[in-house]
Amino acid sequence: MTFGLKLAPQHRVYAGFAIYSFAMGNIFPRLPDIKRAMAIEDGTLGLSLIGTPIGTLTALTLATPLLERVGFRPALLWLVPLIALVYSIAVHAPGPVALFLMLLPVGLMIGSVEIILNVEADRTEFLLKRRIMNRAHSFWSAGFFGAGLFGGAMAHLGLSPQLHLALVVPMVAVAMALFLGGFEPAPARFAATGGKAPMLARPTLPILVLVAVTLSAMLLEGASIDWSAIYMRTVFDSGPFVAGFTVALFAFSQATTRFFADSFVDRHSPSGVAHVLLTAMAAGVLIVFSSPLPPIGASAPPTGSASPSSRSAC
């Protein structure tokens, strides 16, 4: 049974990325408050946050057969609201160990949703015969932008992280019903061969090269999202809204880059674009590191169009 708005396939993909990132993004503007409530240092908080990427990597490696048995539609419709729900439970953790354990299932669900949405974007690209992958990821960044603004506003109003994230759950559930209620998975790009796919595949040399090239971008993207609010609060003693706005500004600049990246990459070589973006990213790191004022640190160049497949806790 389908329900909600009637949308084109690519628009459902865009909506899925945006709602999913909003569901997972609201915790990051509140990390300074969580750290303060637990009375822990940055290193301890970082170890607690590792629970999410551990779960994400586990799901990205092992979850595909289960998702294919369950079906992409029911899995997506249930998992995205569950991410918001489990995050709202995790912020009740009394200490760093409990937070780590509560974030493990969040990571498992995030990895599963990443599989569904990225496979769906790839299949929809093949169906439409044009690129939409970077634009889909721009909507992920747009959702994160909304989460940064909303989280910063809730912190500025004095709402606790627990109440704030509890409010996110019905918002995400309603958005999923409205925009993804009519979601039907796109057909596979290639007909099944009948052979059983291996559980683990040995990466080829080109894949390893891609991993090496994107590792720096992913590391800095995760660090920017996870730590920018804490950085602004700790180094510049910024208020809660400014700290949350920093998360939103990073996501906005990233969304803008990704939205126009598909046509830009079509006009220029992918390797040339990658070189320019990596150089801009390195300049951004230097700007943040040497920034004397909050506006300068908050306006460093984005990490470009790296995939949001996992978050870093470093």
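As the structure is a prediction and not an experimental result, all values here were calculated from the model.

About the thresholds
- Residues numbered from 1 in each chain as written.
- Predicted model: local features only at pLDDT ≥ 70, side-chain atom pairs only at ≥ 80, totals over all residues.
- Heavy atoms only, no water.
- Helix = DSSP H or I, 4+ residues; strand = E, 2+ residues; numbered from the N terminus.
- Contact = heavy atoms within 4.5 Å.
- Areas by Shrake-Rupley, 256 points an atom, 1.4 Å probe, with all protein chains shown as cover.
- Buried < 20%, exposed > 50% of the residue type's maximum accessible area, 1.4 Å probe, protein only.
- Polar contact = N/O pair within 3.5 Å; in protein donor to acceptor, adjacent residues only side chain to side chain.
- Core = buried A, V, L, I, M, F, W, Y, C linked by side-chain atoms within 4.5 Å.
- pLDDT = per-residue confidence, 0-100.
- Axes fitted to C-alpha atoms, helices over the stretch in contact; angles between N-to-C directions.
- Left-handed = near helix turned anticlockwise from the far one by under 90°.
- Nonpolar A, V, L, I, M, F, W, Y, C, P; charged D, E, K, R; others polar.
- Phe/Tyr/Trp six-rings, centres within 6.5 Å; stacked < 30°, edge-to-face > 60°.
- Lys NZ or Arg CZ within 6 Å of the ring centre and 35° of its normal.

(A) Focus on the overall build of the protein. When helices and strands are counted, the protein shows 13 helices and zero strands. When the helices and strands of the protein are placed in sequence order, the string is α-α-α-α-α-α-α-α-α-α-α-α-α. Look at the contacts in the protein between residues 6 or more apart in sequence, and 86% of them connect residues 24 or more apart. When the accessible surface of the protein is split by element, carbon and sulfur atoms take 73% of a total near 15000 Å².

(B) Main features of the side chain of Ser48. If you trace the backbone, Ser48 turns up in helix α3 (residues 42–49). A residue is classified by how much of its surface remains accessible, and Ser48, at 2% relative accessible area, is buried. Polar side-chain contacts of Ser48 include one of 3.1 Å to the backbone oxygen of Pro96. Aside from chain neighbours lying at most four places away, what touches Ser48 is Pro96, Leu99, Phe100 and Leu103.

(C) Spatial organisation of the nonpolar core. If you look at the biggest cluster of nonpolar residues, it comprises 64 residues, and the most contacted ones within it are Tyr20, Leu76, Val80, Tyr87 and Val172. Counting residues per element, this core draws most heavily on helix α6 (residues 72–90), which supplies 11 residues. Apart from the residues within four sequence positions on either side, Val172 is in contact with Ile19, Phe22, Ala23, Val80, Pro81 and Ala84.

(D) Region of the structure containing the confidence of the model for the protein. Summary statistics for the protein give a mean pLDDT of 84 and a share of 88% for residues scoring 70 or more. The low-confidence segment residues 305–314, where pLDDT is below 50, has 48 contacts with residues more than four positions distant or belonging to other chains.

(E) View of the packing of helix α7 (residues 96–128) against helix α8 (residues 133–156). With their axes 9 Å apart at the nearest point, α7 and α8 run at an angle of 145 degrees to one another. Relative to α8, α7 is oriented so that their crossing is right-handed. Mapping the contact onto sequence places Glu114, Asn118, Ala121, Asp122 and Glu125 in α7 and Met133, His137 and Trp140 in α8. Split by residue class, the contact of α7 with α8 holds three nonpolar, two polar and three charged.

(F) Spotlight on the environment of Ala15. Mapping Ala15 onto the fold places it in helix α1 (residues 9–25). The exposure class of Ala15 is buried, given its relative accessible area of 12%. Spatially, the C-alpha atom of Ala15 lies 6.5 Å from that of Phe179, the residues being 164 residues apart in sequence. Those residues in contact with Ala15 that sit more than four places away from it in its chain are Phe179 and Leu180.

(G) Layout of the packing of aromatic side chains. All told, the structure shown has six aromatic pairs when counted by the stated rule. The lysine or arginine in question, Lys129, covers the ring of Phe126, its NZ or CZ lying 4.5 Å from the ring centre. A cation sits over an aromatic face here: Arg135 above Phe259, 4.0 Å from the ring centre.

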